[in-house]
Amino acid sequence: SSYLNIADVYLDEGKYAEALKNYQLGAPILKNIDDKQGEAVLYNNIASIYINQKKYTEATSYLNNALRIGKNIGSRNNIKSSYERLAEAYNQTGQTQLAYDAYKKMILYRDSLFNEANTKSLLQTEMNYAFDKKEQAIKLDQRHFTHRITSYQGIVGIDIKRIFIPAHFWRRRT
């Protein structure tokens, strides 16, 4: 939605009141189209505004909503972001045990995302290697085939010469 894009720009510029206003205008649109991923991102962004404004109670409320949605839809990236901001909010309010717990969970999700990315990268590398090996085998087969054709052409050429050269000389004699 345009509201959310405008809000993102205001957020990047540090114009929190304008960003918050546009996020709140965009929220019903996300709910109407049932965009759970968008809602989780929206709540994380609103929480960031509240953290920057030192309104930690409001921030944790939005973060818990983002976390709930992230878990329901299995969005590890949103879950990681929510825990990261919760750790910050709890730390700022002196709730060090909650901050520590949220931070540990953020690390768990961050590492999970990192491992997933590495697994995908490793799988891509393995697939590229297998493809390259097959491509090399095909090229080798093509070279052998071309060599065989050339060899057969040479043999056939020699045999044709054996037939026609003597016939040519035999015709000249008669």
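Quick note: structure is the one above.
Residues numbered from 1 in each chain as written. Predicted model: local features only at pLDDT ≥ 70, side-chain atom pairs only at ≥ 80, totals over all residues. Heavy atoms only, no water.

Asks: Honestly, the side chain of Thr-60 in this entry has me stumped. Any pointers?
Replies: Residue placement: Thr-60 occurs in helix 4 (residues 56–73). In this structure, Thr-60 is in contact with Leu-86, Ala-89 and Tyr-90, ignoring residues within four places of it in sequence. (Helix = DSSP H or I, 4+ residues; strand = E, 2+ residues; numbered from the N terminus. Contact = heavy atoms within 4.5 Å.)

Asks: Any chance you could explain the nonpolar core here in plain terms?
Replies: As a rule of thumb, soluble globular proteins bury nonpolar side chains together. Tyr-23, Leu-42, Tyr-83 and Leu-86 are the most contacted members of the largest nonpolar core, which totals 33 residues. The set of elements that each furnish at least two residues to this core consists of helix 1 (2–13), helix 2 (16–32), helix 3 (36–52), helix 4, helix 5 (76–92) and helix 6 (96–173). Aside from chain neighbours lying at most four places away, what touches Tyr-23 is Leu-4, Ala-7, Asp-8, Leu-11, Leu-42, Asn-45, Ile-46 and Ile-49. (Core = buried A, V, L, I, M, F, W, Y, C linked by side-chain atoms within 4.5 Å. Buried < 20%, exposed > 50% of the residue type's maximum accessible area, 1.4 Å probe, protein only.)

Asks: Can you walk me through the pattern of salt bridges in this structure?
Replies: Side-chain pairing between opposite charges can occur once the charged atoms of the two side chains come close. Within the structure shown, the criterion is met by 6 salt bridges. Where Lys-80 meets Glu-84, a salt bridge forms, and the shortest distance between an N and an O atom there is 3.5 Å. One end of the pair is Lys-80 and the other is Glu-84, both in helix 5 and 4 residues apart, which spans about a single turn. Through salt bridges with shared partners, a single network forms among Asp-34, Lys-36 and Glu-39. (Salt bridge = Lys/Arg side-chain N within 4 Å of Asp/Glu carboxyl O.)

Asks: Mind showing me how you'd approach the environment of Gly-74 here?
Replies: As for its placement among the helices and strands, Gly-74 is situated in the loop between helix 4 and helix 5. For Gly-74, a relative accessible area of 51% gives the class exposed. Considered as a pair, Gly-74 and Gln-37 are 37 residues apart in the sequence and their alpha carbons are 9.5 Å apart.

Asks: I keep staring at the packing of helix 3 against helix 4 and nothing clicks. Help me out?
Replies: Angle between the axes and distance between the axes are the two parameters that describe a pair of packed helices. For the pair helix 3 and helix 4, interaxial distance at closest approach is 8 Å and the crossing angle is 160°. The angle between helix 3 and helix 4 places the two elements in the roughly antiparallel class. Considering only the axes of helix 3 and helix 4, their crossing is left-handed. Two secondary-structure elements touch here, helix 3 through Lys-36, Gln-37, Glu-39, Ala-40, Tyr-43, Asn-44, Ile-46, Ala-47, Tyr-50 and Ile-51 and helix 4 through Tyr-56, Glu-58, Ala-59, Tyr-62, Leu-63, Asn-65, Ala-66, Ile-69, Gly-70 and Ile-73. For the contact of helix 3 with helix 4, the per-class residue count stands at 13 nonpolar, 4 polar and 3 charged. (Axes fitted to C-alpha atoms, helices over the stretch in contact; angles between N-to-C directions. Parallel < 35°, antiparallel > 145°, perpendicular 65-115°, else oblique. Left-handed = near helix turned anticlockwise from the far one by under 90°. Nonpolar A, V, L, I, M, F, W, Y, C, P; charged D, E, K, R; others polar.)

Asks: Help me understand helix 3, please; the structure alone is not making it clear to me.
Replies: In an α-helix there are 3.6 residues to a turn, and that puts residues three or four apart on one side. The end-to-end C-alpha separation of helix 3 is 24 Å, in line with the 24 Å expected for 17 residues at 1.5 Å each. Of all 17 residues that make up helix 3, 13 are buried, and the element is covered over most of its length. Near the N-terminus of helix 3, the side chain that reaches the backbone nitrogen of Gln-37, with its oxygen 3.4 Å away, is that of Asp-35. Directly after helix 3, the chain includes Lys-54, whose backbone phi takes a positive value near 60°. (Expected span 1.5 Å × (residues − 1). Polar contact = N/O pair within 3.5 Å; in protein donor to acceptor, adjacent residues only side chain to side chain.)

Asks: What should I look at first to understand the side chain of Asn-78 in this one?
Replies: Topologically, Asn-78 is positioned in helix 5. Reaching out from Asn-78, the side chain makes a polar contact with the side chain of Gln-37 at a distance of 3.4 Å.

Asks: What exactly am I supposed to notice about the packing of aromatic side chains here?
Replies: Aromatic ring pairs are defined here through the distance separating the ring centres and the angle between the ring planes. In total, this model carries 3 aromatic pairs according to the counting rule given. Arranged with centres 5.7 Å apart and planes meeting at 55°, the rings of Tyr-43 and Tyr-62 form a pair that is tilted. Taken as a pair, Tyr-43 in helix 3 and Tyr-62 in helix 4 lie far apart in primary sequence, 19 residues in all. By the ring-pair criterion, three or more aromatic residues cluster together here, those being Tyr-43, Tyr-50 and Tyr-62. (Phe/Tyr/Trp six-rings, centres within 6.5 Å; stacked < 30°, edge-to-face > 60°.)

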